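An overview of the molecular structure
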Amino acid sequence: MLTKKLEELKNIFAEMEKALIAYSGGIDSTLVAKVAYDILGDKALAITAVSPSLLPEDLEDARIQAAVIGISHEEVKTNEMENKNYTSNPINRCYFCKSELHDTLKPLALKRGYFYVLDGVNADDLRDYRPGIQAAKERGARSPLAEVGISKFEVRQLAKDLDLPWWDKPSQPCLSSRFPYGEEITLEKLQRVGRGERYLRNLGLKSLRVRSEKDTARIEILPEKIKEFVLTIDLPKLVKKFQEFGFIYVTLDLEGYRSGKLNQVLSPEVLGAGLFQSIRS
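Residues numbered from 1 in each chain as written. Predicted model: local features only at pLDDT ≥ 70, side-chain atom pairs only at ≥ 80, totals over all residues. Heavy atoms only, no water.

What follows is about the overall build of the chain. Each helix and strand in the chain was counted, giving twelve helices and seven strands. Since a compact globule built from 281 residues should have a radius of gyration of about 19 Å, the 19 Å found for the chain is in line with a globular shape. Considering the chain as a whole, with its 281 residues, one finds that 47% of them fall into the buried category. Considering only residue pairs separated by 6 or more positions, the chain has 74% of its internal contacts joining residues 24 or more positions apart. When the accessible surface of the chain is summed, it comes to about 13,800 Å², and 53% of that surface belongs to carbon and sulfur atoms. (Helix = DSSP H or I, 4+ residues; strand = E, 2+ residues; numbered from the N terminus. Rg over C-alpha atoms; globule rule 2.2 N^0.38 Å. Buried < 20%, exposed > 50% of the residue type's maximum accessible area, 1.4 Å probe, protein only. Contact = heavy atoms within 4.5 Å. Areas by Shrake-Rupley, 256 points an atom, 1.4 Å probe, with all protein chains shown as cover.)

Once that is clear, we can look at the nonpolar core. Among the nonpolar cores identified, the biggest contains 31 residues, and Leu-9, Phe-13, Ile-21 and Ile-71 are the most heavily contacted of them. Here this core gets seven residues from one element, more than from any other, and that element is helix α2 (residues 27-40). Setting aside its immediate chain neighbours within four residues, Ile-71 contacts Ile-21, Ala-33, Tyr-37, Ala-44, Leu-45, Ala-46 and Ala-66. Of all hydrophobic cores here, the second largest spans 21 residues; its members include Phe-179, Ile-226, Phe-242 and Phe-247. (Core = buried A, V, L, I, M, F, W, Y, C linked by side-chain atoms within 4.5 Å.)

Once that is clear, we can look at the packing of aromatic side chains. Evaluation of the coordinates by the stated rule reveals five aromatic pairs. One aromatic cluster in this structure is built from Tyr-199, Phe-242, Phe-245 and Phe-247. Here Lys-18 stacks its cationic end above the ring of Tyr-114, 4.4 Å away from the centre of that ring. Positioned over the ring face of Trp-167 is Lys-160, at 4.6 Å from the centre of the ring. (Phe/Tyr/Trp six-rings, centres within 6.5 Å; stacked < 30°, edge-to-face > 60°. Lys NZ or Arg CZ within 6 Å of the ring centre and 35° of its normal.)

Attention now goes to the domain arrangement of the chain. What the domain assignment reports for the chain is domain 1 (1-162) and domain 2 (186-262). Between the C-alpha centres of domain 1 and domain 2 the distance comes to 28 Å. Buried area between domain 1 and domain 2, both sides added, is near 630 Å², and the carbon and sulfur share of it is 59%. Across the domain 1-domain 2 interface, the total number found is two salt bridges. Arg-201 is the partner of Asp-58 in a salt bridge, and the nearest nitrogen-oxygen pair spans 3.3 Å. Applying the counting criterion to the domain 1 and domain 2 interface returns two residue pairs in polar contact (both at pLDDT 80 or more). Sort the elements by how many residues they give to the side of domain 1 that touches domain 2 and helix α3 (residues 56-69) lands first, with three residues. (Domains from an automatic or database assignment. Buried area = accessible area lost by both parts, 1.4 Å probe. Salt bridge = Lys/Arg side-chain N within 4 Å of Asp/Glu carboxyl O. Polar contact = N/O pair within 3.5 Å; in protein donor to acceptor, adjacent residues only side chain to side chain.)

What follows concerns the sheet that holds strand β1 (residues 19-22). Ordered by their spatial adjacency, four strands build an open sheet running β3-β2-β1-β4, and the pairing between neighbours is parallel. What marks the edges here is a single partner per strand, and that holds for β3 (72-77) and β4 (117-118). Pairing geometry for β1 and β4, over two bridges, is parallel. Looking across to β4, one finds that Ile-21 is bridged to Leu-118. Here helix α5 (residues 93-112) sits on the sheet and contacts β1, β2 (44-50), β3 and β4; the angle it forms with β3, its principal contact strand, is near 130°. (Pairing = 2+ DSSP bridges. Axes fitted to C-alpha atoms, helices over the stretch in contact; angles between N-to-C directions.)

Our next topic: the UniProt feature "domain: NAD/GMP synthase" (unreviewed entry) in the chain. Per the UniProt record, "domain: NAD/GMP synthase" (unreviewed entry) is found at residues 15-81. With 45% helix and 25% strand, the stretch residues 15-81 has end C-alpha atoms that lie 36 Å from each other. (UniProt positions renumbered as here; feature names shortened; annotations may be inferred.)

Turning our attention to the state of the cysteines. Defined simply, a disulfide is a covalent bond joining two cysteines at their sulfur atoms. Following the criterion strictly, the structure yields zero disulfides and no others. Free cysteine Cys-94: the closest other cysteine sulfur is in Cys-174, separated by 6.0 Å. On the basis of relative accessible area, Cys-94 is assigned to the partly exposed category, the value being 30%. There is no disulfide at Cys-174, and the cysteine sulfur nearest it, in Cys-97, is 5.2 Å away. (Disulfide = S-S within 2.5 Å.)

The next point concerns the UniProt feature "active site" (unreviewed entry) in the chain. The residues that UniProt annotates with the feature "active site" (unreviewed entry) are Cys-174. Within the fold, Cys-174 resides in the loop between α8 (152-161) and α9 (187-202). According to the relative accessible area criterion, Cys-174 is partly exposed, its value standing at 24%. In contact with Cys-174, not counting residues within four places along its chain, are Ser-53 and Tyr-86.

Counted according to the given criterion, the structure contains 26 salt bridges. Sharing partners across several salt bridges, the network here consists of Arg-211, Glu-213, Arg-218, Glu-220 and Asp-253.

So, about the environment of Glu-188. With respect to the element layout, Glu-188 can be found in helix α9. Separated by 112 residues in sequence, Glu-188 and Val-76 have C-alpha atoms that sit 22 Å apart.

In structure tokens form, the structure reads like this:
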């Protein structure tokens, strides 16, 4: 079944002849870039959007991964932080983020002769509240992974089969996803969250989030890592570092890291509407 989906994916690229990939460096868009390059060679181009919501380490990872794959890679600056609809952090914040992204990429693609802009949306994303998917579709972007029904698990399996060293790379959505809806996003807040996550990564943690709620940092790590974290980490030192980053209070989420936790405050009506839009698109 997975082999058939990979062939379908390759056929999509072959029919396109040229493609520009919205490439974040996450495993989804990396898989798209890999298969696109395998089929199209120098007629595939990966472009990474650079903004304050992207950690410098993640940008460097994107550069390294593109170089290993061999695909041409460029960077463009996006200006979502200048849009109040984005920084006010409404429940559809991602719509304005993806609008900025694709309003930047689409003219660039047409100017260069690329008729398709592709993203890394997978089949599982269509079952979640993802208002950004609607923005991308409105601007003509395509999601080849979703088109052939490739799930997140299958993305990782295909990446492993294709010998991509990052097949098990943890998901790393933009730093703006660390704030509760309605709390304004600022450059200073993004920077302190980034510093906090960088500090935890340097301690050897992988799947994690630093959720920012006003002056409080709420650390999320995998549930099975919580006991070890409490027993082995120098907690007073950690608290002092986070206070240096700009937080006043530092807490540990006892539920642990769980993808999509930000959306648990949304009503079933809102989630249902967002899911409907994603599927309909």
